[in-house]
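Fold and contact review
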Amino acid sequence: MRVDTSPYDEQDRNVPRATAPKADPAAQRPRATFGGPPGLSSFVRPARASDVDESATGAGASPTNTYVIEHLARLMRAGRVFYVGDQALTMGPRGMPQLGDKELSAAPDGLLMLNGRAVALRNTPAARRDDSAHLVLHGQSLKDPYQWMDEGDPVDNTEFVRWMNGQNDYTRMRLDCSSARPPLEQDMRDAAAKMLAIPENVEWRAGRQFYWRVPDGDNNQKLFVRTGLDGDERMIFDPATQSPGANRGVSVYSPYALKSSVSPDGEYVAIPLSNGNEDHELVVVEAQTGTVLDDSLKLVRNGSITWLDNSTFVYPRAIARTPSLPRTEYYADKQLYRHVVGTDVRDDVPVFGNALQANTDGRRYTNLEIKLIGDRAFGSSRFGVARELDLFVASKEDVLSGVPTWKKIIDSSRGVVAFDKCGDDWVMMVRGSAQRERKVLHVRGAQEPNWDTATLAVPETGQDITGIHVRDGVLYVTRMVNAMTEELLRVPQGGAQSTAVFSIHGTITSVSSLPAQLGPAATDGADHAGLLIEAVPWTSGQSQ
């Protein structure tokens, strides 16, 4: 149905307008003017032959202006609510829409009429504008006339819920009137079903693979496990069962989102649940039974979960909130806490972050991660949205005990955006001079990197380096060949020529080692046997 695309009136600038759909030239008519309340959009358009319901009117019937009223009545009988100004339409005794005690009719050009005067429909009364509301950010007072939409839990904000439902009604009414929508919807559903069936966040533990996927006909991801490559699939966790009636889910798509993590022995899975905002609740599930343990961790933030042993992990947590704490400070002092499965969350202790000795220069880190290599723990910190990291090292045992002493070994001024250890050498991906340029360096130094020994591990070709992966003592590098193709390079030690072992018109999302019981290791001198490469093509919704 046609929607008025004239500019917003000041009193109604919050009401969205949709772009008028294209129609056949023969069906075009000049837009009519009408004298309804200012700034209100019309949901109606001229009737066309395609509007006729042949089962009701008989084949070959010509369109009439009653179509608009009949369609509106059907929507109202289905539970939709529409307004003229702030007054809701009702169904009259004859089953037709009316305002007060007056029935609506339709003019030949499709406009709704009441007592001979054109009126315009709204799905919802205008959103309330409160010009007295303001928000103070960075010392500046900003007007926020719709701040009331953010107050409290959205589910309890009945005024906001009514407004949102109205916007949904508006969209639904427009979509229901489009004959092009059903085939497009089916195509999108078919493509989405293929994409959602792809396993995500695959982790191998003790000969079993854990992964998330959306079952056919469902809307939310669930956690599955199978033994080996061909074992029977078994679902062990469904986020929807945690809060019946609430739309809770997990974040596995974004590379910066907090992902689930399986313990080294495959007995436990730490799973972050979200209601759609930036705060998570972390639950621990027994992999064998699917039982959700009492370990419920609140105020968990985006970052990473790292298992220190089979029952201890670290996770990111925001600071406790008090009534006097500004909202802009909610996530400023995130820290990594140690948790032991089965213990009280109140016994968790911070092991890395701004409040510890790791932060020696006063900067407030917002992205924290701990990575285990051998018997040492490496803590990386990033400031704000920067990709360059500060790197600290401590004993793994000290982190397990909850009293680590961190030593800074790399400063962010070095431009390091990713690191790993390859034998006694360091592998560093560092920022280049151009905006997206990355270099991969070999740096010697068993305990700390000796930058005087740095050499290029991969010759500079102008192609974008996207990641480094050390698996079974072998370095692999992902890089963009062109705008559509990403490839995986195997980089041998000693300066030998790098070899492309895999490429795809898409993106490589992860590179991991195949468990020993399933295949050979990718040792130096071998090809890429023993690797599990997860990749998604641009052109199909199926992974490889």
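Structure first, text after, so check above.
Cut-off values and rules
Residues numbered from 1 in each chain as written. Predicted model: local features only at pLDDT ≥ 70, side-chain atom pairs only at ≥ 80, totals over all residues. Heavy atoms only, no water. Pairing = 2+ DSSP bridges. Helix = DSSP H or I, 4+ residues; strand = E, 2+ residues; numbered from the N terminus. Axes fitted to C-alpha atoms, helices over the stretch in contact; angles between N-to-C directions. Salt bridge = Lys/Arg side-chain N within 4 Å of Asp/Glu carboxyl O. Buried < 20%, exposed > 50% of the residue type's maximum accessible area, 1.4 Å probe, protein only.

**Points about the sheet that holds strand S28 (residues 425-431)**
Read from one edge to the other, the open sheet built from 4 strands follows the order S27-S28-S29-S30, with strand pairing classed as antiparallel. One side of each edge strand has no neighbouring strand; the edge strands of this open sheet are strand S27 (416-422) and strand S30 (455-456). The pairing of S28 with strand S29 (residues 438-444) spans 7 bridges and is antiparallel. Looking at the pairing, Val427 lines up with His442 of S29.

**Comments concerning the sheet that holds strand S23 (residues 367-373)**
Across the sheet, 4 strands lie side by side as S23-S24-S25-S26; this open sheet has antiparallel pairing. Two strands close off the open sheet at either side, each with one partner strand: S23 and strand S26 (407-410). Across the sheet, the mean angle from the axis of one strand to that of its neighbour is 30°, orientation sign disregarded. Both strand S24 (residues 376-382) and strand S25 (residues 390-395) contribute to a ladder of 6 bridges, which runs antiparallel. Along S25, the bridge assignment pairs Ser380 with Leu391.

**So, the pairing of S23**
Both faces of the sheet carry side chains from a regular strand, because those side chains alternate between them. One ladder, built from 7 bridges, connects S23 with S24; its direction is antiparallel. What sits directly across from Glu369, in S24, is Ser380. The hairpin formed by S23 and S24 contains 2 residues between the paired strands, and Gly374 there has a positive phi angle of roughly 65°.

**Let's talk about the pattern of salt bridges**
Within the structure shown, the criterion is met by 20 salt bridges. The closest approach of N and O atoms between Asp420 and Lys371, which form a salt bridge, is 3.3 Å. Here Asp420, found in strand S27, pairs with Lys371, found in strand S23; they are 49 residues apart in sequence, far enough to count as distant. For Asp420, a relative accessible area of 10% gives the class buried.

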